[in-house]
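# Overview (structure and organization)
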Amino acid sequence: MLTDEDYAALADFRHALRQFLAFSEARAAESGLTPQQHQALLAIRGAGNRPVSIGYIADRLILKPHSATGLLNRLESLGLVVREASQQDRRQALLRLTPAAQAVLEQLSATHREEVVRLRPMLETLIDRVR
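These numbers were taken from a predicted model, which means no experiment stands behind them.

A word on the overall build of the protein. The helix and strand tally for the protein stands at five helices and two strands. Along the protein, helices and strands appear, N-terminal first, in the series α-α-α-α-β-β-α. Rg of the C-alpha trace for the protein: 18 Å, well past the compact-globule value of 14 Å for 131 residues, more than 25% over. Each principal axis of the C-alpha distribution contributes one length, and for the protein these read about 55 × 30 × 25 Å. Classification of the 131 residues of the protein by burial places 31% in the buried group. Taking contacts inside the protein between residues at least 6 apart in sequence as the whole, the part at least 24 apart equals 53%. Summed over all atoms, the accessible surface of the protein reaches about 8800 Å², with 54% contributed by carbon and sulfur. The averaged location of the 15 negative side-chain charges in the protein is 8 Å from the averaged location of its 17 positive side-chain charges.

Here is the structure:
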């Protein structure tokens, strides 16, 4: 059975997550991106050397494939993403970031990493309270 302290810890943890998301959304907007656009760019960059398809982005952002397609169409029109035919399956489009996307993402990611480092002690305390 959960105690009052358990509920308080869960509420505080949820609040901390929302504060981080609000921070992230504001930084994305300052860079001219929506939160989903920022998240899509980060997912592409975070995939490393793995091929990134529209399906991958849909999965990572928890979107329907047609919603991911619309999002990527907008990123492509902004000059942030390029689609290239897969060498293995020419029917599949693979995504890569443009230099402009890499520049904005590097700046956003550095800011986000600083915020995560700043929040880490508080988050660790909250996680310990939930145990």
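Let us keep going from here.
Ile54, Ile57, Ala58 and Leu61 are the residues of helix H3 (residues 54–61) that are buried. Across the axial projection of H3, the buried residues extend over an arc of 100°, all falling on one side. Taken from the residues just after H3, Ile62 is the one with a positive phi, measuring 55°.

Right, let's talk about the packing of helix H2 (residues 35–46) against helix H5 (residues 99–130) for a bit. One can describe the packing of H2 onto H5 by two numbers: an axis separation of 10 Å at closest approach and a directional angle of 95°. For the element pair H2 / H5, the angle class is roughly perpendicular. Along its contact with H2, which presents His38, Leu41, Leu42 and Arg45, the element H5 presents Ala101, Val104, Leu105, Leu108, Ser109 and His112. Classifying every residue of the contact of H2 with H5 gives six nonpolar, three polar and one charged.

A contiguous nonpolar surface patch, about 370 Å² in accessible area, is contributed by Leu2, Tyr7, Leu10 and Val130. One can find Tyr7 in helix H1 (residues 4–30).

Analysis parameters
- Residues numbered from 1 in each chain as written.
- Predicted model: local features only at pLDDT ≥ 70, side-chain atom pairs only at ≥ 80, totals over all residues.
- Heavy atoms only, no water.
- Helix = DSSP H or I, 4+ residues; strand = E, 2+ residues; numbered from the N terminus.
- Rg over C-alpha atoms; globule rule 2.2 N^0.38 Å.
- Buried < 20%, exposed > 50% of the residue type's maximum accessible area, 1.4 Å probe, protein only.
- Contact = heavy atoms within 4.5 Å.
- Areas by Shrake-Rupley, 256 points an atom, 1.4 Å probe, with all protein chains shown as cover.
- Lys, Arg positive; Asp, Glu negative; His and termini not counted.
- Charge placed at Lys NZ, Arg CZ, Asp CG, Glu CD.
- Arc of directions from axis to C-beta.
- Axes fitted to C-alpha atoms, helices over the stretch in contact; angles between N-to-C directions.
- Parallel < 35°, antiparallel > 145°, perpendicular 65-115°, else oblique.
- Nonpolar A, V, L, I, M, F, W, Y, C, P; charged D, E, K, R; others polar.
- Patch = residues over 30% accessible without salt bridge, like charges linked within 9 Å, V, L, I, M, F, W, Y side chains within 5 Å.
- Salt bridge = Lys/Arg side-chain N within 4 Å of Asp/Glu carboxyl O.

Just geometry here; none of it tells us what the structure is for.
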